[in-house]
Amino acid sequence: MSKIYRYEKLTYTGDENEIIVFKVKMISNGNIGRVIIDPPSAPEQVIIDSGKVTLGPLKTLIKSKTDCYSNINNPTPIADSIIVEYYINSTLLLRHENLKTETEDPFIILKIKFIKL
């Protein structure tokens, strides 16, 4: 059964003209997933498994929070945990980790506030 993990107080501070690159890295062997990033002033971006997308300049993201929704699954019987890392411009934003005994298919919600220097 899926379990929801919410991370609502995430922030990233940078120059208003800095181009924001959002990256997802599946750490556990066998992780598969779909990540949807919903910035306030642009269309949704999708990452399948690991990958990265460009969200544009930081100044377009400061109006309201950027939402990120991840459906992760790990069907590999030898893995005992699910680990996913989220990065903004090579800076680790969040490392999510849960034991498969909690859930094998976590739904992870990130709420990110971008702040200009």
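So, how was this worked out
Residues numbered from 1 in each chain as written. Predicted model: local features only at pLDDT ≥ 70, side-chain atom pairs only at ≥ 80, totals over all residues. Heavy atoms only, no water. Buried < 20%, exposed > 50% of the residue type's maximum accessible area, 1.4 Å probe, protein only. Helix = DSSP H or I, 4+ residues; strand = E, 2+ residues; numbered from the N terminus. Pairing = 2+ DSSP bridges. Axes fitted to C-alpha atoms, helices over the stretch in contact; angles between N-to-C directions.

Draft legend 1. View of the pairing of strand S3 (residues 32-38). Of the two faces of S3, only the one carrying Gly-33, Val-35 and Ile-37 is buried; Ile-32, Arg-34, Ile-36 and Asp-38 on the other face are not. Note that S3 and strand S6 (residues 66-73) share seven bridges and pair antiparallel. Bridged to Ile-32 within S6 is Asn-73. Pairing between S3 and strand S4 (residues 45-48): four bridges, direction antiparallel. Paired with Ile-37 across the strands is Gln-45, a residue of S4. Counted between consecutive antiparallel strands, the loop separating S3 from S4 contains six residues.

Draft legend 2. Representation of unusual backbone geometry in the model. In this structure, Asp-49 takes a positive phi of about 60° despite not being glycine. The topology assignment puts Asp-49 in the loop between S4 and strand S5 (51-57). In this structure Asp-49 comes out as partly exposed when scored by relative accessible area, which is 29%. Residue Ser-90 is not a glycine yet carries a positive backbone phi of 70°. Mapped onto the elements of the fold, Ser-90 is located in the loop between strand S7 (81-88) and strand S8 (91-99). Given the relative accessible area of 73%, Ser-90 is considered exposed.

Draft legend 3. Quick look at the sheet that holds strand S1 (residues 4-14). Spatial ordering of the open sheet is given by S1-S9-S6-S3-S4, a layout of five strands whose pairing is mixed. The open sheet has two edge strands, S1 and S4, and neither has a second partner. Averaged over all pairs of adjacent strands, the angle between strand axes in this sheet comes to 20°, irrespective of strand direction.

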